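# Chain and residue survey
Residue-level listing of the chains:
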Amino acid sequence: MQRPVNRIDPSLPIGAYQTYSIASPRDTSVRAVCEQVGCAAWARGWESVIDESTELGQQQAAYIRQRSGRTFREQRTETGLTVFRFESGQRCFADHRTRPELYVVRDGDWRGNPTGRVRQHQRPQDWVEDFGEHQQKLADQQQKG
């Protein structure tokens, strides 16, 4: 059983309100860059240890050296393994996925949207800026009385 929601009765008509929301669609994931998902390899750098005595190791090392496009230092261990040390701040080799977030502003409140107007910001920074400007406008109006 869902708990009832306690709401204060609004003092203004529904059209006087705007609702800001952030939502993630269910069962949806998208590819994401390291920075978006808080990837530790991106933040601190990482090492890949490759055994070039195997065919797979030779292919991996060739890819890193010739096609990866990443910045690295290379050294050999006493046991003959190759260690590639990658600097932080560059995309790792993992395929990251995340759930997208929708940054929405709509007219009205919990009672509905009388105009049907809905705006979706493409960047979270834009949604935050819009929200802040709206809050400032409300504060200014309240001071005026």
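Residues numbered from 1 in each chain as written. Predicted model: local features only at pLDDT ≥ 70, side-chain atom pairs only at ≥ 80, totals over all residues. Heavy atoms only, no water.

## Quick word on the sheet that holds strand β4 (residues 72-76)
- The sheet built from three strands is open, its strands ordered β3-β5-β4 with antiparallel pairing. Of all the strands in the sheet, the pair left with one neighbour each is β3 (46-50) and β4. Within this sheet the neighbouring strands show an average axis-to-axis angle of 20°, counted without direction.
- Sheet analysis places β3 next to strand β5 (residues 82-86), joined by five bridges and oriented antiparallel. The residue bridging Glu 47 from the neighbouring strand is Arg 85, located in β5.
- The strands touched by helix α3 (residues 55-66) within the sheet are β3, β4 and β5, with β5 carrying the most contacts at an inclination of about 30°. (Pairing = 2+ DSSP bridges. Helix = DSSP H or I, 4+ residues; strand = E, 2+ residues; numbered from the N terminus. Axes fitted to C-alpha atoms, helices over the stretch in contact; angles between N-to-C directions. Contact = heavy atoms within 4.5 Å.)

## Considerations on unusual backbone geometry
- A positive phi is found at Asp 27, a non-glycine position, where the angle reads about 50°.
- With respect to the secondary-structure elements, Asp 27 resides in the loop between β1 (18-23) and β2 (30-31).
- Of the residues examined, Asp 27 reaches a relative accessible area of 82% and is grouped as exposed. (Buried < 20%, exposed > 50% of the residue type's maximum accessible area, 1.4 Å probe, protein only.)

## Digging into the nonpolar core
- Ranked by size, the top nonpolar core spans 10 residues in total: Cys 34, Cys 39, Ala 41, Trp 46, Ile 50, Ala 61, Ile 64, Phe 84, Phe 86 and Cys 92.
- Among the secondary structure elements, those contributing two or more residues to this core are β3, α3 and β5. (Core = buried A, V, L, I, M, F, W, Y, C linked by side-chain atoms within 4.5 Å.)

## Considering the pattern of salt bridges
- Within this structure, the stated rule accounts for eight salt bridges.
- Salt-bridge contacts for Asp 95 lead to Arg 31; the nearest nitrogen and oxygen are separated by 3.1 Å. Placement of the pair is Asp 95 in the loop between β5 and β6 (97-98) and Arg 31 in strand β2, with a sequence separation of 64 residues. You'll find Asp 95 and Arg 31 in the same group, each marked exposed.
- Residues Asp 130 and Arg 119 are paired through a salt bridge, measuring 2.9 Å at the closest nitrogen-oxygen approach. Remark: Arg 119 occurs in strand β8 (residues 118-121) and Asp 130 occurs in helix α4 (residues 124-144); sequence separation between them is 11 residues.
- In the salt-bridge network here, residues are joined through shared partners; they are Glu 52, Arg 65, Glu 74 and Arg 76. (Salt bridge = Lys/Arg side-chain N within 4 Å of Asp/Glu carboxyl O.)

## Overview of the environment of Arg 97
- Inspection of the secondary structure puts Arg 97 in strand β6.
- For Arg 97 and Asp 9, which are 88 residues apart along the polypeptide, the C-alpha to C-alpha distance reads 41 Å.
- Dropping the residues within four chain positions of it, Arg 97 is found in contact with Ser 29, Val 30, Arg 31, Ala 32 and Val 37.
- For Arg 97, the side chain forms a polar contact with the side chain of Ser 29, separated by 3.1 Å. (Polar contact = N/O pair within 3.5 Å; in protein donor to acceptor, adjacent residues only side chain to side chain.)

## So, α3
- Taking 1.5 Å as the rise per residue, α3 with 12 residues should run 16 Å; its terminal C-alpha atoms sit 16 Å apart, in good agreement.
- Along α3, the residues that are buried comprise Gly 57, Ala 61 and Ile 64. Taken around the axis of α3, the buried residues stretch over an arc of 60°, which confines them to a single face. Exposed side of α3, more than 90 degrees from the buried face: Glu 55, Leu 56 and Gln 66 are the residues found there.
- Of the surrounding secondary structure, the elements contacted by the buried residues of α3 are β3, β4 and β5. (Expected span 1.5 Å × (residues − 1). Arc of directions from axis to C-beta.)

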